Amino acid sequence: MNVKIEDISSVKKKLSIEVPEQTVTEQIGKAYQKIGKTAKVKGFRPGKVPQAMLEKYYGAQMEEQVLTKLINDTYFKALVEHKIAAISDPEIVENSPLEKGKPFAFEALVEVRPEVVAKDYSGLTLQKEKADFDEKVIEERIEELRTSRAELQPSGADVAAEGDFAVLDFEGFVNGVPFQGGKAEGHQLELGSGSFIPGFEDQVVGMKLGEAKDVAVTFPENYGNKDLAGQPAIFKVVLHEIKTKVAPALDDEFAKGFGLESVDELKEKLREGHQKQETSRIDGDLRERLVSALIERNPIEVPESMVKSQLEYMLGNVKQRMQSQGMTMEMLGMNEASFGQMYRDTAVQQVQGSLILGAVARQEKIAVEPTEIDGKLEEIASMANAPLDAVKKYYASDENRRGLMAQIVEEKAVQLLLEKAEIQEVDKEQLAPADKE
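Cut-offs applied
Counting starts from 1 at the beginning of each chain's written sequence and moves along it residue by residue. In keeping with the predicted nature of the model, local features appear solely for residues at pLDDT of at least 70, side-chain atom pairs appear and are counted solely at 80 or more, and the whole-chain, interface and lining totals rest on all residues. Note that the side-chain values use all heavy atoms of the structure and ignore hydrogens as well as water. By the criteria applied, helices consist of DSSP H or I runs no shorter than four residues and strands consist of E runs no shorter than two, each listed in order from the N terminus. Atoms counted for the radius of gyration: C-alpha only. Globule rule: 2.2 Å times residue count to the power 0.38. Exposure categories follow from relative accessible area, calculated using a 1.4 Å probe and restricted to protein chains: below 20% of the type maximum is buried, above 50% is exposed, and the middle band is partly exposed. Reported accessibility uses the Shrake-Rupley method at a 1.4 Å probe radius. Residues are deemed covered only where the shown protein chains occlude them. By the counting rule applied here, Lys and Arg register as positive and Asp and Glu as negative, while His and the ends of each chain are not counted. A charged residue contributes its charge at one atom only: NZ of Lys, CZ of Arg, CG of Asp or CD of Glu. Note on contacts: a residue pair qualifies if any of its non-hydrogen atoms lie within 4.5 Å across the two residues. A pair of strands counts as paired when DSSP detects no fewer than two bridges linking them. Each axis is a line fitted through C-alpha atoms, taken for helices only over the stretch in contact, and angles between the N-to-C directions span 0 to 180 degrees.

J.: How should I be thinking about the overall build of the chain in this particular structure?
T.: Along the backbone of the chain there are 11 helices and 11 strands. Here the C-alpha radius of gyration of the chain, 34 Å, is well above what a compact globule of 437 residues would show, namely 22 Å. C-alpha extents for the chain along the principal axes are approximately 100 × 75 × 45 Å. Here the chain holds 437 residues, and 34% of them are scored as buried. Here the chain has roughly 27,100 Å² of accessible surface; of this, 48% comes from carbon and sulfur atoms. The centroid of the 56 positive side-chain charges in the chain is displaced by 10 Å from the centroid of its 78 negative side-chain charges.

J.: Sorry if this is basic, but what is going on with the side chain of Gln352 here?
T.: Tracing the backbone through its elements, the reader meets Gln352 in helix H8 (residues 336–363). The contact partners of Gln352, leaving out residues within four places of it in the chain, are Ile295, Ile300 and Val302.

J.: How do you make sense of the sheet that holds strand E3 (residues 91–95) when you look at a structure like this?
T.: Whether parallel or antiparallel, the strands of a sheet pair through hydrogen bonds between backbone atoms. Spatially, E1-E2-E4-E3 is the arrangement adopted by the 4 strands of the open sheet, whose pairing is antiparallel. Edge positions in the sheet fall to strand E1 (2–9) and E3, since each has one partner strand and no second. For this sheet the average axis-to-axis angle between neighbouring strands, irrespective of direction, equals 20°. Direction of pairing for E3 relative to strand E4 (residues 104–111): antiparallel, over a ladder of 4 bridges. Across the sheet, residue Glu94 finds its bridge partner in E4, namely Glu107.

J.: Looking at this structure, how should I read the environment of Ala160?
T.: Residue placement: Ala160 occurs in the loop between strand E6 (151–154) and strand E7 (165–174). For the pair formed by Ala160 and Met207, sequence separation is 47 residues and the distance between their alpha carbons is 5.6 Å. In this structure, Ala160 is in contact with Leu191, Val204, Val205, Gly206, Met207, Leu239 and Ile242, ignoring residues within four places of it in sequence.

Shown next, in the form of structure tokens:
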């Protein structure tokens, strides 16, 4: 076997491989021998079909089998012999005809992890947003909590207004004929919510208690029921009650509903959560600025297969979050293809950052101590609100363990670089874009 290696780029190599004619002939013979055991040709018993007939009727099958074996065997052998750490499946770009008594040659493109040597990573100048914990946020969250616990009560009003909850009886007619699903009694409708047919809620606003009214609307063209889509309709409506949301008083009893003893304790818990959230956001922004500065000083090409894997990882996370919220990508007008286009640049930057941080870790001889692994597992369990034993079991596999250790090494590299950096704290309004550090 003759092998020639050509560097196409820093992340791609071309392997030109020639298989000697003796090997080709042997493999063709073995393939026909195997096929002949089960081949069915009229006039011949299985296992007794002549070679010429096998070649006539089973040539394509033989070629498929032999090509697969020759390419797989020689390709992987070439990788081992030439110490090529391929990170993608081969792309066969050219091959010669498969003929008995003649050598077989093919060319394969394969991606490799770039050999990165990090440079100029000490003494980075970075901006960091000053933490500004606005008390208004706490008051807003308190009001959100009160609203979430609000109860509907009779408003005492005689006329329905926007924002009220109207309790209605209604029946709909198209061309004077009632339609299926168009009738309800005691239906509760929030006026101004836009949850009903366009124009319906607007005409209920201003109705008096006990009033009966004909409400004229037109179903939207894209309405789910095709028989009603675009059709004008009349709803006969009777208003029975007017309710309004009443939020609970902000007192210690309200706080006890969240397992706390007082309003002050509730506010302190919200304040701690807000500060933790803001600190995490600011630290995340600083990390992005660090990675952007590293990439600017260490521009590298990244393999397409690594970008694809990162996009798949990002997509998986997004789908998981959406599923937990009862949403789908389609609800946001997005699919996998558009997601890939939208976030490709982000994926490229994340791969570049990971490669450079990995190089820094190697050059600085950063290692992971057993106590750090234990601490990380406890942190993951706490954040996921999961049993520690379950988390340990998940990370017991070799693949997950390697991923966890790589994450710890990367975090330690970031911390080392931040310790060596010159960090300037500035107000949020003064922050430069992350890629302009």
